[in-house]
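One-letter residues, chain by chain:
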Number of protein chains: 4
Amino acid sequence: MPKADSQLLAANQLPMIVAMQESASEEQIQQVIEHLVKMGFEVHRSTGVRQTVLGAVGARADFDIRELELLSGVDQVHRISAPYKLAGRSFRPEGTIVKLPNGVEIGGNKVVVMAGPCSVESREQLFAAAEQVANAGARVLRGGAFKPRSSPYSFQGLGEEAVKLLREAGDKFKLLVISEVMEISQIPVMAAYVDILQVGARNMQNFNLLRELGKVRKPVLLKRGIAATLEELLLSAEYIMAGGNYEVILCERGIRTFETYTRNTMDISAIPIIHKLSHLPMTADPSHGTGRRDKVAPMARAAVAAGCDALLIEVHHDADHALSDGAQSLYPEQFRKLMDELRIIAPAVGRTIA
Amino acid sequence: MPKADSQLLAANQLPMIVAMQESASEEQIQQVIEHLVKMGFEVHRSTGVRQTVLGAVGARADFDIRELELLSGVDQVHRISAPYKLAGRSFRPEGTIVKLPNGVEIGGNKVVVMAGPCSVESREQLFAAAEQVANAGARVLRGGAFKPRSSPYSFQGLGEEAVKLLREAGDKFKLLVISEVMEISQIPVMAAYVDILQVGARNMQNFNLLRELGKVRKPVLLKRGIAATLEELLLSAEYIMAGGNYEVILCERGIRTFETYTRNTMDISAIPIIHKLSHLPMTADPSHGTGRRDKVAPMARAAVAAGCDALLIEVHHDADHALSDGAQSLYPEQFRKLMDELRIIAPAVGRTIA
Amino acid sequence: MPKADSQLLAANQLPMIVAMQESASEEQIQQVIEHLVKMGFEVHRSTGVRQTVLGAVGARADFDIRELELLSGVDQVHRISAPYKLAGRSFRPEGTIVKLPNGVEIGGNKVVVMAGPCSVESREQLFAAAEQVANAGARVLRGGAFKPRSSPYSFQGLGEEAVKLLREAGDKFKLLVISEVMEISQIPVMAAYVDILQVGARNMQNFNLLRELGKVRKPVLLKRGIAATLEELLLSAEYIMAGGNYEVILCERGIRTFETYTRNTMDISAIPIIHKLSHLPMTADPSHGTGRRDKVAPMARAAVAAGCDALLIEVHHDADHALSDGAQSLYPEQFRKLMDELRIIAPAVGRTIA
Amino acid sequence: MPKADSQLLAANQLPMIVAMQESASEEQIQQVIEHLVKMGFEVHRSTGVRQTVLGAVGARADFDIRELELLSGVDQVHRISAPYKLAGRSFRPEGTIVKLPNGVEIGGNKVVVMAGPCSVESREQLFAAAEQVANAGARVLRGGAFKPRSSPYSFQGLGEEAVKLLREAGDKFKLLVISEVMEISQIPVMAAYVDILQVGARNMQNFNLLRELGKVRKPVLLKRGIAATLEELLLSAEYIMAGGNYEVILCERGIRTFETYTRNTMDISAIPIIHKLSHLPMTADPSHGTGRRDKVAPMARAAVAAGCDALLIEVHHDADHALSDGAQSLYPEQFRKLMDELRIIAPAVGRTIA
């Protein structure tokens, strides 16, 4: 058993509490105790005036809390420990700093800005954007290579060629490179060329993909799904870490709510919450988080003010003619202005802009 | 260009309305008109006392409405036609009946019940469940073959062996067979053995998978994502249909809301809404929709009363020892009782239980 | 102290569990214990290999769980008992049947249908509607008297005159009468004329109003707020019951979700959940729950199939000219057809239509 | 008719678009046109190859868009103008600055901080808090006077005495005063003593209260309901303004989402969105927006970085013994530190802290 696995198992010696209904009979209580023992738990019983409460401690990692909730006489079941361990703050109380080439660090004193076009459309487009974001102070170049789109007639991305162009542009302008990996089959080419592998919101719970990324020795930036709780985000990070890859960077990019003015509601509070629950770096993507160019700068400023470790921002040298998501891409001059604003804000949280 | 493609393109001659702000200048209005013309639209202008409104009609399928919303002087942009066409009710006003072997039809006068275990665990388990659901009146056997789980230590499914067992059990008990396809690589073996290919909620927007399923000539049951609007569900159906596979069956299985008592909130209203918007059969999965055994029967009854065309129900011959999702599986006797209740309800909507 | 109050206090001897962080120091643990003792709790300590867990039992009703969550060294805090008592199933395991005049019972074997116009607009309109719903089998006449509207220019209701007309129409057609009370000042006139006082979704947490309704000796139908959890609904019921009025009837009328096709998403699963958690009758309002006439009948059927105890349905004798919410009012012939469908469905849940 | 009323009516000459189904018959089209004409609209018809679109312009303010959606042959209905006018940006493109005594302005170049305890508990407590927040740089003292609580045994507020204490403390420490008005009957005493009347989230759609506040000549701070869209917030503002009170200040305080870690999810993006849609000042309440002391400072910083015009922050001189909401109140030293951080951030958006 690899080391990470045994740690995960150890982590799952979860204390669990089962509160019986007031009306529960002794027979029902005994059946629940029996059930817990069969599941491999050790049981501690506390009999109160009104209600009996059972504490369960044990080694089984994959039980389903609902099985207990449905036993007769059971009132409530609570997990007492978080269902993740490697991703939890107590695993590394001092916090994780992901160390990248060129001295770039995510999770340290510098807020790292990752910027570039939504999709890599051509060498010319990519190099123009790369030069502009580098000059403005970005340290990482972002750009989509594979772009499955909701319309079968939309631009689908340049694929492997895009990945190579990213590397080339990154090297030329002294930028690291991040791009999204969408399927297991894309991992080798991605891992060969990029510095950070990005997992998109729709793949946050693609466990087969996460398992493979656990075997890679490159940092993974994992985006929160639009309907994912923060606990689920941490469980997905745990999945990667259980495979031995501890270089996981988390990212908020908007959740789905009843508000319809923006595509998603960017949950800025996720930043301080993740910093409390986990040691992993927490970043923000205000471009996808809002979906509208005019909201990107305010939300990028808010994310830095709330303490994010890095930003992912779409910048297109000619956003009006972008082949995808132009509406959420900043114009280069907007990006430069935003960088200046971020430089004012970062000291308020004891940081500088990388 | 294949026929379905040209139909889709034709469908996308979408009239669109751009309402200018009251304060918009003539120059701003001209820029918006120019922009629309460049995008390939024909523009009709209506100048009011207070506000100018532009109507755009054109052939471009993949435009992003936000690009227009962000132009200066623009107040609001509305698509006037639905962004799907093949999936829309007006494409087949009489409704689609998916015809399957053994005379089973989904979308006709009979409500079809598909039942079986969450996962295929063994020949013994599957055959026991198959016999029980067949005797109770189910027409289709369900069972998961590939089970990527949130814990790397959980049961992961029997894979191809499970698919073959499903076929064998189906043939023995005169049941058709449905199982979930999770990756493109699983399509060939699935298509060889099962009667309906199921797409899970997490893959509802896996467009690469949808595109490949458009090439298959087997019915596809497409589940709504937990954060997907009904319009998005229909867009995903459109994606499959655009490839030429018109045998798409839709399925409600719960959406994520603020209510935490159940995993998801099953949206029963999706059934009459889809029936209004689309000609495709609409089904319901109360097992995943509620996640709790004691809520499955009430929601199954509700779905039939609301007019669903078929039900997907998890039944395990020994639910307390199921390797996955036992908590939402009915006991066989519960399933038999439910079938009796459904037989009472179906005539209220002019149906019988198949 | 009135009897209900002392019961409520007794109910709040809540066992609570405080799980300390693995890294918590002995000093932090002692501080939490001290804090709990100061709050009036008795504390039981369980020291594990990895983590210390404290059980707190005590008499203080109004503590705020967050105060504990924020103490240093605390990992998680769980209430073990439900925060309501009088509304909980164990208070009356056999279920509550609200007994009304004319032998009408809500919560018994008959599903009661309450129907009528959204607003009382005139004697002629009300009497026409009352006659139609009575003939179709409704037992209770509904109708709004006070109608604060989102536009100051909309019809605002007839007020006290409407209440008297409701009584008169009810008496003439042998119907009981229900109407919404929106402010404390309206209680006396309402209580004098109607059989059931309705609290609207927006007032579900108007605690001053609930407190006054606790003093009334008439049944109260309490609607779930559009953003209220079922636990919050039960807490509001508890508020009324704590005042001594135990005749509370609950009602689902749609919650706000990300889906935009309907105004609200009607949560049918609330029906079986409330029946499990509480002894109070649970009803459904598909008119407000969907907001669209063509969805009312399917959702009404679904609610009965899921086990609701009563239905609230808007019917207007001339819905196209209704002064409010005409779009969600059934035409009389639609209502008659629905009643026939409900008569088919009710036996599936061992009921008849009253 | 008062001036504001006629403006509102004028505002409601809304262009509306009705798109007919492709399959709509000429008869259906004529019926819709007739219906629109009866409703008082002027109709413009545009007959396309595939679909007919009707444009409706007219004077009727209170129509219900759903009535049209349900007519046979209708595909979609869109309002083209916003349903609010006085609250809309185009009513005062330059923005509203609410001018208060002592030279305090909300909506200008200074971000105003309003701080104080959740509830006024005693003279000693209030004066201690007032002195501390004044010294740290707050300009407005907040404090609840009437506190209806979810438990009938909780502290209910000091009422009128609290309002007078607020005034006294405000005058002593040169602070303006804001407090929440919960019922119409509280308006006179509130208006006599406080500088800003606050409307809580639960009352955002209490239209009777809003109407009365429209007659008051004091600024009103209107909080967004936890399930309210931004359009609904603006409609509620419109309600107050229609009465002639144009001094409305809006406030984000968290919306309900599926995420359960915090009570509500604070929607920071509401700040730039309201600034685009409306001329009214937009403020933020991170205390209620997060419900947890340790999240208040990050979210307060984020709100200023996103451009808010003022902040509402709970500060208790002894938060651990607060009688209400102590868990979300900052300690005085935390508040001072936060003020220092805000002073760093404000220049990034061209502001200073008042």
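Procedures and definitions
Throughout this description, residue numbers start from 1 for each chain and increase along the sequence as written. Whichever chain is written first is A, and whichever ligand is written first is 1; the rest continue in order. The predicted nature of this model means local features are confined to residues of pLDDT at least 70 and side-chain atom pairs, given and counted, to a pLDDT of 80 or more, with totals for whole chains, interfaces and linings taken over all residues. Comment: elements are numbered from the N terminus, with helices defined as DSSP H or I runs of at least four residues and strands as E runs of at least two. Put simply, a residue is buried when 20 or more other C-beta atoms lie within 10 Å of its own C-beta and exposed when 12 or fewer do; between those, it is partly exposed, and each C-beta is set from the backbone. C-beta atoms are placed from the backbone for every residue, and two residues are taken to be in contact when these atoms lie within 7 Å. Residue classes follow a fixed rule: Ala, Val, Leu, Ile, Met, Phe, Trp, Tyr, Cys and Pro count as nonpolar, while Asp, Glu, Lys and Arg count as charged, and any other residue, Gly among them, counts as polar. Least squares is used to superpose the copies, and the fit set is the C-alpha atoms of residues whose pLDDT is at least 70 in both copies. Angular values range over 0 to 180 degrees, each being the angle between N-to-C directions of two axes fitted as lines to C-alpha atoms, with helices fitted over their stretch in contact. Orientation categories follow fixed angle ranges, with anything under 35 degrees roughly parallel, anything over 145 roughly antiparallel, 65 to 115 roughly perpendicular, and all other angles oblique. The handedness criterion is simple: a crossing whose near helix is rotated anticlockwise from the far helix by less than a right angle is left-handed, and one whose near helix is rotated clockwise is right-handed. You can read pLDDT as the predictor saying how much it trusts each residue, on a scale of 0 to 100. Strand pairing follows a simple DSSP-based rule, namely that at least 2 bridges must link the two strands. Between the first and last residue of a helix there are one fewer steps than residues, each counted as 1.5 Å, and that sum is the expected span. A clockwise course of the path from the first strand over the helix to the second, judged with the strands pointing away from the viewer, identifies a crossover as right-handed.

### Section: the overall build of chain A
Next, step 1: A count of helical and extended segments in chain A gives twelve helices and 15 strands.
Next, step 2: The buried share among the 354 residues of chain A stands at 61%.
Next, step 3: Taking the contacts inside chain A whose residues are at least 6 apart along the sequence as the reference set, 67% of them involve residues at least 24 apart.

### Let's talk about the interface of chain B and chain C
Next, step 1: Between chain B and chain C, the residue contacts involve 35 residues of the former and 35 residues of the latter.
Next, step 2: Those elements that provide at least two residues to the side of chain B that touches chain C are α9 (270-277), α11 (293-305) and α12 (332-345) of chain B.
Next, step 3: For the side of chain B that touches chain C, the element with the most residues is α11(B), which contributes eight residues.
Next, step 4: Classifying every residue of the side of chain B that touches chain C by side-chain character gives 20 nonpolar, eight polar and seven charged.

### Side note on the interface of chain D and chain A
Next, step 1: Across the boundary between the two partners, chain D contributes 35 residues, which contact 35 residues of chain A.
Next, step 2: Among the secondary structure elements, those contributing two or more residues to the side of chain D that touches chain A are α9 (270-277), α11 (293-305) and α12 (332-345) of chain D.
Next, step 3: Considering each element in turn, the side of chain D that touches chain A owes the most residues, eight residues, to α11(D).
Next, step 4: Classifying every residue of the side of chain D that touches chain A gives 20 nonpolar, eight polar and seven charged.

### A few points about the relation of the copies chain D and chain A
A rotation about some axis, followed by a shift along it, carries one copy of the chain onto the other.
Next, step 1: For the pair chain D and chain A, the superposition axis carries a translation of 0.0 Å, the fit reaches an RMSD of 0.1 Å, and the rotation angle comes to 180 degrees. Put plainly, the chains are arranged around a two-fold axis. Within chain D, Ala302(D) has its C-alpha nearest the rotation axis, a separation of 1.9 Å.
Next, step 2: An overlap of 100% is found between the interface residues of chain D and their copies at the interface of chain A, pointing to a shared contact surface.

### Some thoughts on the packing of helix α11 (residues 293-305) of chain A against α11(D)
Next, step 1: Contact pair α11(A) / α11(D): the axes reach a minimum separation of 7 Å and the direction vectors enclose 150 degrees. Relative to α11(D), the element α11(A) is oriented roughly antiparallel. Once α11(A) is placed against α11(D), the crossing between them reads as right-handed. Where α11(A) abuts α11(D), its residues Arg301(A), Ala302(A), Val304(A) and Ala305(A) lie against Arg301(D), Ala302(D), Val304(D) and Ala305(D).

### Side note on the environment of His279(B)
Next, step 1: If you trace the backbone, His279(B) turns up in the loop between α9 and β13 (282-284).
Next, step 2: Aside from chain neighbours lying at most four places away, what touches His279(B) is Arg89(B), Phe91(B), Arg92(B), Pro93(B), Gly95(B) and Thr96(B).

### Examining the confidence of the model for chain A
Residue and element names in this part refer to chain A.
Next, step 1: Averaged over all residues, the pLDDT of chain A is 88; the fraction at 70 or higher stands at 89%.
Next, step 2: Note on residues 1-12: pLDDT under 50 across the span, and 16 contacts to partners over four residues away in sequence or across chains.
Next, step 3: In the model output, the complex is listed with pTM 0.90 alongside ipTM 0.89.

### As for the environment of Phe258(C)
Next, step 1: Its place among the elements puts Phe258(C) in the loop between β12 (248-252) and α9 (270-277).
Next, step 2: You can call Phe258(C) buried: it has 23 C-beta atoms within 10 Å.

### A short note on the environment of Gly350(A)
Next, step 1: Tracing the backbone through its elements, the reader meets Gly350(A) in the loop between α12 (332-345) and β15 (352-353).
Next, step 2: With 216 residues separating them along the chain, Gly350(A) and Ala134(A) place their C-alpha atoms 23 Å apart.

### Considering the pairing of strand β9 (residues 176-180) of chain A
All names here are of chain A.
Next, step 1: The buried fraction of β9 is high, at five of five residues.
Next, step 2: Across the two faces of β9 the burial is the same, with Leu176, Ile178 and Glu180 and Val177 and Ser179 all buried.
Next, step 3: Where strand β8 (residues 140-142) meets β9, three bridges bridge the pair, whose relative direction is parallel. Paired with Val140 across the bridge in β9 is Leu176.

### A few points about helix α2 (residues 26-38) of chain D
Next, step 1: Look at α2(D): 18 Å from first C-alpha to last across 13 residues, which is about the 18 Å you get at 1.5 Å a residue.
Next, step 2: Backbone geometry just downstream of α2(D) places Gly40(D) in the positive-phi region, at approximately 100 degrees.

### Side note on unusual backbone geometry
Next, step 1: The backbone of Lys174(A) shows a phi angle near 55 degrees, a positive value even though the residue is not glycine.
Next, step 2: Mapping Lys174(A) onto the fold places it in the loop between α5 (160-172) and β9.
Next, step 3: Unusually for a residue other than glycine, Asn102(B) sits at a positive phi of about 60 degrees.
Next, step 4: On the secondary structure map, Asn102(B) appears in the loop between β5 (98-99) and β6 (105-106).
Next, step 5: Overall, the presence of 12 C-beta atoms within 10 Å leaves Asn102(B) in the exposed class.

### Thoughts on the pairing of strand β7 (residues 110-116) of chain C
Residue and element names in this part refer to chain C.
Next, step 1: Among the seven residues of β7, six are classified as buried, and the element is accordingly described as predominantly covered.
Next, step 2: Note: β7 against strand β15 (residues 352-353), two bridges, orientation parallel. Across the sheet, residue Lys110 finds its bridge partner in β15, namely Thr352.
Next, step 3: As judged from the five bridges shared by β7 and strand β14 (residues 310-314), these two strands associate in the parallel manner. Bridge pairing in β14 places Met114 opposite Leu312.
Next, step 4: One crossover worth recording links β7 to the parallel strand β8 (residues 140-142) by way of helix α4 (residues 123-136), and it is right-handed.

### Some words on the packing of α11(B) against α12(B)
All names here are of chain B.
Next, step 1: At a closest axis distance of 10 Å, the pairing of α11 and α12 adopts a crossing angle of 25 degrees. Judged by the angle between their axes, α11 and α12 are roughly parallel. The two elements α11 and α12 meet at a crossing, and its hand is right-handed. Between α11 and α12, the contacting residues are Ala297, Ala300, Arg301, Val304 and Ala305 on the first element and Gln334, Leu338, Glu341, Leu342 and Ile345 on the second.
Next, step 2: When its residues are assigned to classes, the contact of α11 with α12 shows seven nonpolar, one polar and two charged.

### A closer look at helix α4 (residues 123-136) of chain B
Think of an α-helix as 3.6 residues a turn; residues three or four steps apart then line up on the same face.
Residue and element names in this part refer to chain B.
Next, step 1: With 14 residues, α4 extends 20 Å between its outermost C-alpha atoms, agreeing within 8% with the 20 Å of an ideal straight helix rising 1.5 Å per residue.
Next, step 2: Among the residues of α4, Gln125, Leu126, Ala129, Ala130, Gln132, Val133 and Ala134 are the ones counted as buried.
Next, step 3: Taken together, the buried residues of α4 touch β7 (110-116), β8 (140-142), α5 (160-172) and α12.
Next, step 4: Gly137 occupies a position one or two residues after α4 and carries a positive phi of about 115 degrees.

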